[in-house]
Structure formats: C-alpha cells, structure tokens
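Below are the chains, spelled out letter by letter.
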Amino acid sequence: MVSIFPSYLAPLREALLGRAISRGLLELTVHDLRAWTHDVHQAVDDSPYGGGPGMVMRPQVWGDALDDVLAGPPARLVVPTPAGRPFTQALAREFSAEERLVFACGRYEGIDQRVLDDAARRVTVDEVSIGDYVLVGGEVAVLAIVEAVVRLLPGVLGNPRSAAEDSFSDGLLEGPAYTRPEVWRGLAVPDVLRSGNHALIDRWRRDRSLERTHRRRPDLLEALPADALDRADRAL
Ligand SMILES: NC(=S)c1ccno1
C-alpha cells in the first residue's frame with residue numbers, strides 16, 4: 001500500500017487481520033509516498049490543469065513510487081476512487097485469488113490520470129468505489145477492501161462456512177441472527193431456530209433472507225441468475 005498517511009492503515013495489523021499476518025497467511029507492507037519526493041517540502045500535489053478547486057497528486061512522485069512497488073511478482077493495482085466501479089463481494093472474491101495486490105491511496109482531488117494510464121501499460125488497474133460518497137482519501141476505502149478480501153483467504157476465518165454463507169455469497173442479504181437468551185426484553189427467539197429441525201431451519205433462514213433482500217435491495221433479486229430461485233423461493 002502507498003499512502004501519505006501510513007498510520008491510517010495501522011488498523012490492518014489489529015485483530016483478525018493482524019493474526020492472519022502473524023500466522024503467515026498474508027504479508028502487508030505500507031509505503032509512505034513522500035519517500036519518493038526529492039524537494040525540501042516533500043510536495044506530492046499541485047494545482048489542476050484547467051483550473052478548479054483542490055489539488056491533484058503529482059505524476060512524477062506516484063510514477064516513481066509505483067515503478068518500485070510494482071516491481072517484482074505480478075501484481076494488480078487497486079485505486080479507491082468515487083469514480084470507480086462498485087466494489088462488490090464478487091470483486092472481493094476475485095481479488096482474494098490474486099497473488100499480490102498493490103493499493104494506491106489518493107488524496108485531494110485524486111491522482112494525475114496519467115499515473116493510472118502508465119501503470120495500465122504493465123499491470124491490471126482497478127479503479128473501485130466502496131460507495132456513492134466522497135471520502136477525504138483512499139485509506140479508509142483500502143481498510144474496507146482489504147478486510148473484505150483477507151477474510152476470504154483460506155484459514156483466516158475460524159469457520160470456512162462463515163464466508164460461504166454470509167451476505168452476498170448467494171447474491172442475497174443475510175437474514176436475522178439470534179443467540180442466548182431465548183427471551184430478551186420480552187423478545188423471543190423464533191421457535192423454529194430451537195426446533196432442531198435443520199430442514200425447517202434452512203428453509204426459514206432462506207425465506208428471511210429473500211424477504212430482507214426484497215425489502216432492502218430488490219436490485220439484488222433482479223440481478224440473480226434465472227435458475228437461482230427454486231420453486232419454494234418463488235412460493236414465498
Ligand atoms: N467512495 C470512495 S471509494 C472514495 C475514495 C475516496 N473518496 O471516496
């Protein structure tokens with residue numbers, strides 16, 4: 001990862017991801033972009049051609065940084081930006097199969113486009129967005145993307161079923177979850193979940209997942225492959 005605020009990415013070394021690193025399931029290197037500046041002010045940005053508000057990150061600095069960081073084993077360059085294609089669970093799964101990912105954290109009004117165009121001459125460049133809103137920089141998006149990707153790596157999650165059965169894995173939103181006590185503030189756990197009848201439980205969970213998806217994200221239902229819903233699903 002390359003950023004002008006390396007400490008922003010420190011949370012990646014905590015908790016589950018930190019344990020995955022210490023177990024050797026992945027390696028994480030954070031580079032300070034200013035290491036590739038040569039002026040006393042360590043300038044990384046400049047005024048935009050054509051005018052307009054804000055500053056643009058300079059191609060020389062990013063170009064030198066990516067020349068060094070992209071050298072070595074083949075990598076895929078991921079650039080979080082509001083102008084990117086949506087980052088989805090499917091793309092997280094695709095990224096999790098990559099040997100190496102390099103993340104460029106832009107700030108200000110973004111990185112000079114020629115940096116990405118130049119990188120695309122030698123690696124796959126993915127400009128991705130984690131949502132239709134604008135952050136101050138790419139670092140927070142990288143935290144989200146890396147967590148979504150790393151949790152899919154074999155051995156990271158305690159139970160592999162977790163990744164296989166979480167939201168979006170089957171194209172639907174996950175339904176409600178419950179744990180002890182059976183009744184809490186007058187609210188009871190649905191009886192079916194205590195029935196021990198796993199066929200009924202699976203059916204109930206699928207129905208709740210379909211209902212929630214229909215209510216909150218009908219677009220996901222529209223996007224399902226034609227054969228994704230079985231007769232019982234359609235009966236709901
Ligand atoms: N929405 C995304 S990914 C973003 C990056 C920087 N600002 O917003």
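Let us look at the structure shown here. (Residues numbered from 1 in each chain as written. Predicted model: local features only at pLDDT ≥ 70, side-chain atom pairs only at ≥ 80, totals over all residues. Heavy atoms only, no water.)

What to know about the nonpolar core
Part 1: Of all hydrophobic cores here, the largest spans 27 residues; its most connected members are M1, L12, F87, F95, V146 and V150.
Part 2: Residue assignment for this core shows that the elements contributing at least two residues are α1 (15–22), α3 (89–96) and α5 (139–150).
Part 3: Looking at which element gives the most residues to this core, the answer is α5, with seven residues.
Part 4: Non-local contacts of M1, meaning those with residues more than four positions away in its chain, are made with L9, L12, L28, T29, V30, H31, F103, V142 and V146. (Core = buried A, V, L, I, M, F, W, Y, C linked by side-chain atoms within 4.5 Å. Buried < 20%, exposed > 50% of the residue type's maximum accessible area, 1.4 Å probe, protein only. Helix = DSSP H or I, 4+ residues; strand = E, 2+ residues; numbered from the N terminus. Contact = heavy atoms within 4.5 Å.)

Brief notes about the side chain of R212
Part 1: When you line up the elements, R212 lands in helix α7 (residues 198–216).
Part 2: No salt bridge is formed by the buried R212; the nearest opposite charge belongs to E174, separated by 6.8 Å.
Part 3: Reaching out from R212, the side chain makes a polar contact with the backbone oxygen of E174 at a distance of 2.9 Å.
Part 4: For R212, the residues in contact, after removing those within four places along its chain, are L173, E174, G175, P176 and R217. (Lys, Arg positive; Asp, Glu negative; His and termini not counted. Salt bridge = Lys/Arg side-chain N within 4 Å of Asp/Glu carboxyl O. Polar contact = N/O pair within 3.5 Å; in protein donor to acceptor, adjacent residues only side chain to side chain.)

Looking at the sheet that holds strand β6 (residues 101–103)
Part 1: Strand order in this open sheet of three strands is β6-β5-β7, and the pairing throughout is parallel. Of all the strands in the sheet, just β6 and β7 (124–129) have a single pairing partner and so form its edges. Strand-to-strand twist of the sheet, defined as the mean angle between neighbouring strand axes without regard to direction, takes the value 45°.
Part 2: Here three bridges tie strand β5 (residues 76–86) to β6, and the two strands are oriented parallel to one another. Residue pairing across strands places V78 opposite F103, the latter belonging to β6.
Part 3: Docked against the sheet, α5 engages β5, β6 and β7, running at close to 165° with respect to β6. (Pairing = 2+ DSSP bridges. Axes fitted to C-alpha atoms, helices over the stretch in contact; angles between N-to-C directions.)

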